[in-house]
Amino acid sequence: MTQNEFVQPLNAKITNLAPDGLTGFQKQVRDIPDLLRLTFGEPGFDVDENIKEAVMSSIANNNSHYADAQGERDLRQAAAAYYSSRYDLPFDDETNVIVTVGASEAINVIFMTLLNENEGLMIPEPAYAPYTASLDLAHGQKIAVNTRPTNFKLTPELVAQTVEESDVNIKAVLFNYPVNPTGVTYTREELEALADVFKKYHLWVISDEIYAQLTYDQEHVSMVSLLPEQSILMTGLSKSHAMTGYRIGFIIADKAFVDQAQKVHEALTFALPKFIQDGATVALTKSANVAEGMRDIYKKRRDWMVPQLEALGFEVVPAEGAFYIFAKIPADMNQDSEVFALDLAENGHVAVIPGAAFSEYTPEYIRISYAASDEDLKEAIRRMNIYFDKKRANQ
């Protein structure tokens with residue numbers, strides 16, 4: 001017998017996890033030469049100088065010891081003040097905040113705190129793919145809601161229908177807006193109507209508002225301001241302050257929930273480095289308004305990109321926030337988004353994400369990130385025009 005025959009098998013929950021569609025596709029195309037990537041949500045801006053100086057000063061001052069497990073008090077106070085003042089939240093005390101390793105850890109902490117085994121989580125789709133893996137790890141059940149027939153928006157009617165027809169106890173809804181991947185968002189009136197139905201069915205609301213400050217043409221209204229007693233805000237600095245590599249996320253909620261979620265956070269991470277938290281504190285104070293300048297640039301890029309893509313034959317979902325365009329592949333092209341995106345990468349040298357990575361309901365869509373530079377976006381459109389011309393000439 002070989003040694004491997006004596007080894008116990010690994011956790012089936014892990015070995016049965018489906019590969020992440022986002023990172024999986026990135027791996028597929030990573031070795032293609034001269035590839036222009038419009039894939040991940042990576043802001044194409046440098047971190048504000050005040051933030052960088054604060055981090056470097058903190059390191060120079062030897063802030064290298066364990067931090068407060070819940071987050072340094074100054075940072076939690078700054079986060080409570082920042083988000084409560086912008087979005088009219090009732091949670092304005094440091095005790096309402098947990099500092100997490102980006103929104104990724106926040107997702108896992110919230111799921112593990114809320115859900116008992118096999119309890120249902122309603123997820124409007126298309127949706128950010130890693131939600132599903134985190135839900136599997138928390139032993140919950142995904143209750144997917146197809147928003148495609150309702151212009152990619154969750155409606156009170158869809159919520160009621162889903163709850164009443166499900167044979168699973170649906171305990172919570174994961175509500176992300178502006179939405180990754182579609183860029184759609186909600187008016188105050190739409191949110192008030194959803195709040196009423198969430199309240200009717202006693203659903204916890206996990207409100208992922210990481211793109212809140214990148215909302216165009218209208219006010220961002222937080223679900224937490226409308227339904228504070230059963231809502232949990234999940235947010236962070238990756239998108240608003242271009243701090244993706246700093247991994248700063250926040251859970252903001254009623255203290256009773258925070259106290260329980262803190263147990264999970266301590267088990268998973270304990271605490272983030274102090275010098276990173278010092279930079280985050282400056283981001284929420286001295287550099288509080290940097291998102292506005294980035295938002296205006298993203299809006300200009302969106303306004304330029306949409307007609308370019310429509311001219312190629314794409315049907316574009318109206319993007320009202322974030323920095324993504326979700327577009328239906330032209331009818332004369334291969335409608336399998338995974339096949340189309342791989343061919344575009346290999347032969348057009350432009351990488352986008354297949355819509356199948358976000359939902360089984362959107363197999364013929366792609367997501368394009370316009371967080372890249374103006375130069376890269378123009379070059380991408382130039383390459384896509386050449387690619388489409390060649391494809392159509394050979395049909």
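The shown structure was predicted, so the numbers you read here are calculated from the model rather than taken from an experiment.

S.K.: Which parts of the structure should I look at to understand the overall build of the chain?
M.R.: Across its full length, the chain holds 14 helices and 13 strands. Computed over its C-alpha atoms, the radius of gyration of the chain comes to 22 Å, within 12% of the 21 Å expected for a compact globule of 395 residues. Considering only C-alpha atoms, the chain reaches an extent of 65 × 65 × 55 Å along its principal axes. For the chain, the residues scored as buried account for 54% of the 395 residues in total. Long-range pairs, those at least 24 residues apart, make up 77% of the contacts in the chain with a sequence separation of at least 6. Entry remark: accessible area of the chain is about 17400 Å², with carbon and sulfur atoms responsible for 48%.

S.K.: Looking at this model, I keep getting lost on the nonpolar core. Mind explaining?
M.R.: The tendency in soluble globular proteins is for nonpolar side chains to be buried as a group. By size, the foremost hydrophobic cluster in this structure holds 82 residues, and its most contacted members are Leu154, Phe198, Met223 and Phe314. Among all residues touching Met223, those that are not within four sequence positions of it are Phe175, Tyr177, Leu191, Leu194, Ala195, Phe198, Val205, Ser207, Glu209 and Ser231. Within the second largest apolar cluster, 31 residues are counted, among which are Ile51, Ala78, Ala212 and Ala280.

S.K.: Hey, could you run me through the sheet that holds strand 4 (residues 141–146) in this one?
M.R.: Read across the sheet, seven strands follow the order 2-8-7-6-5-3-4 without closing on themselves; strand pairing throughout is mixed. In this open sheet, the two strands that pair with only one neighbour each are strand 2 (97–101) and strand 4. Taking each pair of neighbouring strands and ignoring which way they run, the sheet shows an average axis angle of 25°. Here three bridges tie strand 3 (residues 120–125) to strand 5 (residues 170–176), and the two strands are oriented parallel to one another. For Leu121, the partnering residue across the bridge sits in strand 5 and is Ala172.

S.K.: Help me understand the pairing of strand 7 (residues 231–236) in this model?
M.R.: It is a general feature of regular strands that their side chains alternate between the two faces of the sheet. Of all six residues in strand 7, six are buried; the element is thus mostly enclosed. Burial along strand 7 is two-sided: the residues Ser231, Leu233 and Thr235 and Ile232, Met234 and Gly236 are all buried. One ladder, built from four bridges, connects strand 6 (residues 204–208) with strand 7; its direction is parallel. Paired with Val205 across the bridge in strand 7 is Ser231. Pairing analysis gives four bridges linking strand 7 to strand 8 (residues 248–252), with the strands arranged antiparallel. Bridged to Leu233 within strand 8 is Ile252.

S.K.: Even after reading the chapter, I still don't get the UniProt feature "domain: Aminotransferase class I/classII large" (unreviewed entry) in the chain, so can you show me in this structure?
M.R.: Per the UniProt entry, the sites bearing "domain: Aminotransferase class I/classII large" (unreviewed entry) are residues 34–383 in this numbering. Between the C-alpha atoms that bound residues 34–383 there is a distance of 11 Å. The span itself is 41% helix and 17% strand.

S.K.: Before we go on, may I ask you to explain unusual backbone geometry in this structure?
M.R.: With glycine set apart, most residues show a phi of negative sign, and most peptide bonds adopt trans. Here the amide bond leading from Glu125 into Pro126 is cis, since omega sits at 10°, within 30 degrees of zero. Checked against the element boundaries, Pro126 lands in the loop between strand 3 and helix 6 (130–137). Pro178 follows Tyr177 through a cis peptide bond whose omega is -15°. Summarising the element assignment, Pro178 is placed in the loop between strand 5 and helix 8 (188–200).

S.K.: Got a minute to help me understand the packing of aromatic side chains in this structure?
M.R.: The geometry of an aromatic ring pair is captured by two quantities: the separation of the ring centres and the angle between the planes. On inspection of all chains with the given rule, the structure shows 23 aromatic pairs. For the pair Phe45 and Tyr298, a centre-to-centre distance of 5.5 Å together with 80° between the ring planes defines the contact as edge-to-face. Taken together, the positions of Phe45 in the loop between strand 1 (36–37) and helix 3 (49–60) and Tyr298 in helix 12 (residues 290–312) put the pair 253 residues apart, joining distant regions of the chain. Between the aromatic rings of Phe326 and Tyr365, the centroid separation amounts to 5.0 Å while the plane-to-plane angle is 10°, which identifies the pairing as stacked. Placement of Phe326 in strand 10 (residues 324–328) and of Tyr365 in strand 13 (residues 365–369) is noted, with a sequence separation of 39 residues between them. Take Tyr365: its relative accessible area is 7%, and that puts it in the buried class. Among the aromatic residues, ring-to-ring pairing joins Phe45, Tyr211, Tyr298, Phe323 and Tyr324 into one connected group.

Parameters at a glance
Residues numbered from 1 in each chain as written. Predicted model: local features only at pLDDT ≥ 70, side-chain atom pairs only at ≥ 80, totals over all residues. Heavy atoms only, no water. Helix = DSSP H or I, 4+ residues; strand = E, 2+ residues; numbered from the N terminus. Rg over C-alpha atoms; globule rule 2.2 N^0.38 Å. Buried < 20%, exposed > 50% of the residue type's maximum accessible area, 1.4 Å probe, protein only. Contact = heavy atoms within 4.5 Å. Areas by Shrake-Rupley, 256 points an atom, 1.4 Å probe, with all protein chains shown as cover. Core = buried A, V, L, I, M, F, W, Y, C linked by side-chain atoms within 4.5 Å. Pairing = 2+ DSSP bridges. Axes fitted to C-alpha atoms, helices over the stretch in contact; angles between N-to-C directions. UniProt positions renumbered as here; feature names shortened; annotations may be inferred. Phe/Tyr/Trp six-rings, centres within 6.5 Å; stacked < 30°, edge-to-face > 60°.

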